[in-house]
Amino acid sequence: NLAFSQVAGYTSFYFEEVNMSIKIPKKFEIIPEQEEQKSRQRGEKFLEDGNDVELDLSSTKGLLSIKDSSSNYLNITVTPYDANDETYKQEYEVVKGMVFNSFAQQLDPKNIDTASSATEIDGLAFNKFEVTLKLDVSSEIKMILLSKRYKSYDFGICYVYRDKEVGKELETIIRNSKFKR
């Protein structure tokens, strides 16, 4: 369930599924649900083609997608998930490999850097997987996947940016999010 309100300069959202509140600056455009679903389907096909697998992401629900251009965006999703923590960790490693393999089908692997770490948002620990795609000498795209097994969901936040300043804004939006416990 979604609740939102508008305050000077921001639109605030609350996602009951994960008890998350987030404020989005008005400069960002909210991506309509149909457009977001098409984008998710393209992402699913990208992973399938890059790994010669079939995926079923039909139970994934988009909570919010925003953009300020075609190459700077953020989306938040939840997928019902009830497996144990060890299974989740194993599947997370598989997903990271699939993401790398998919990009390696498009770019020379030497132009792909990845890093894994952990991060916190309002005291909650998230897995962080960062992919840097070097397009040429002066151009790169960053994709950051944050994920967590939370409240019977695989809870994911993905943001992609080409413009480093927009990347900082997206990180600030995420860092300032709050969770009701």
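My aim in this report is to walk through the structure given alongside it, one point at a time. These figures come from a predicted structure and were not determined experimentally.

For the rest of this paragraph, the subject is unusual backbone geometry. Excluding glycine, residues mostly have negative phi values, and the peptide bonds linking residues are mostly trans. Positive phi values are uncommon outside glycine, yet N19 reaches one of about 55 degrees. Unusually for a residue other than glycine, D122 sits at a positive phi of about 50 degrees. Checked against the element boundaries, D122 lands in the loop between β7 (112–121) and β8 (124–136). A residue is classified by how much of its surface remains accessible, and D122, at 26% relative accessible area, is partly exposed.

Attention now goes to the nonpolar core. Counting 29 residues, the largest nonpolar core has I76, F155 and I157 as its most contacted members. When residues of this core are traced back to their parent elements, those giving at least two are β2 (10–15), β3 (20–25), β5 (61–69), β6 (72–80), β8, β9 (139–150), β10 (153–161) and α3 (164–175). The dominant element in this core, judged by the number of residues it contributes, is β10, at five residues. Look past the residues within four positions of I157 in its chain and what remains in contact with it is M20, L74, N75, I76, I121, F126, I144, L145, L146 and I174.

As defined by bridge partners, β7 adjoins β8 across 10 bridges and the pair is classed as antiparallel. Bridge pairing links I112 to L133 in β8. Joining the antiparallel neighbours β7 and β8 is a turn of two residues, in which D122 adopts a positive phi near 50 degrees. Between β8 and the antiparallel strand that follows it, β9, lie two residues.

As a further point, take α3. Compared with the 16 Å implied by 1.5 Å per residue over 12 residues, the 16 Å span of α3 between its first and last C-alpha is a close match. Of all the residues in α3, the buried ones are V166, G167, L170, I173 and I174. Taken end-on, α3 shows its buried residues confined to a sector of 120 degrees, consistent with a single buried face. At the N-terminal end of α3, a side-chain oxygen is found 2.8 Å from the backbone nitrogen of E165, two or three residues along, and the residue is D163.

Now for the packing of helix α1 (residues 33–51) against helix α2 (residues 85–104). Their axes nearest at 8 Å, the elements α1 and α2 cross at an angle of 80 degrees. Our classification of the angle between α1 and α2 gives roughly perpendicular. Each of F46, L47, G50 and N51 in α1 lies in contact with α2, whose residues at this interface are G97, M98, V99, N101, S102 and F103. Here the contact of α1 with α2 is built from residues that sort into five nonpolar, five polar and no charged.

Another point: the sheet that holds β7. With respect to topology, seven strands assemble into an open sheet ordered β4-β5-β6-β10-β9-β8-β7, the strand pairing being antiparallel. A strand with exactly one partner marks an edge of an open sheet, and here the two such strands are β4 (29–30) and β7. As paired elements, β9 and β10 share nine bridges and run antiparallel to each other. Bridged to M143 within β10 is V160. Of the strands in this sheet, β5 and β6 touch α1, which is tilted by about 95 degrees from β5.

Moving on to the environment of P32. Among the secondary structure elements, P32 is positioned in the loop between β4 and α1. In this structure P32 comes out as partly exposed when scored by relative accessible area, which is 44%. Residues P32 and S65, spaced 33 residues apart in sequence, show a C-alpha to C-alpha distance of 7.8 Å.

Right, let's get into the side chain of N51. Along the chain, the position of N51 falls in helix α1. Judged by its relative accessible area of 18%, N51 is buried. A distance of 3.0 Å separates a polar side-chain atom of N51 from the backbone oxygen of M98. Here N51 is in contact with G97, M98, N101 and S102, once residues within four sequence places are set aside.

Thresholds, definitions, all that
- Residues numbered from 1 in each chain as written.
- Predicted model: local features only at pLDDT ≥ 70, side-chain atom pairs only at ≥ 80, totals over all residues.
- Heavy atoms only, no water.
- Helix = DSSP H or I, 4+ residues; strand = E, 2+ residues; numbered from the N terminus.
- Buried < 20%, exposed > 50% of the residue type's maximum accessible area, 1.4 Å probe, protein only.
- Core = buried A, V, L, I, M, F, W, Y, C linked by side-chain atoms within 4.5 Å.
- Contact = heavy atoms within 4.5 Å.
- Pairing = 2+ DSSP bridges.
- Expected span 1.5 Å × (residues − 1).
- Arc of directions from axis to C-beta.
- Polar contact = N/O pair within 3.5 Å; in protein donor to acceptor, adjacent residues only side chain to side chain.
- Axes fitted to C-alpha atoms, helices over the stretch in contact; angles between N-to-C directions.
- Parallel < 35°, antiparallel > 145°, perpendicular 65-115°, else oblique.
- Nonpolar A, V, L, I, M, F, W, Y, C, P; charged D, E, K, R; others polar.

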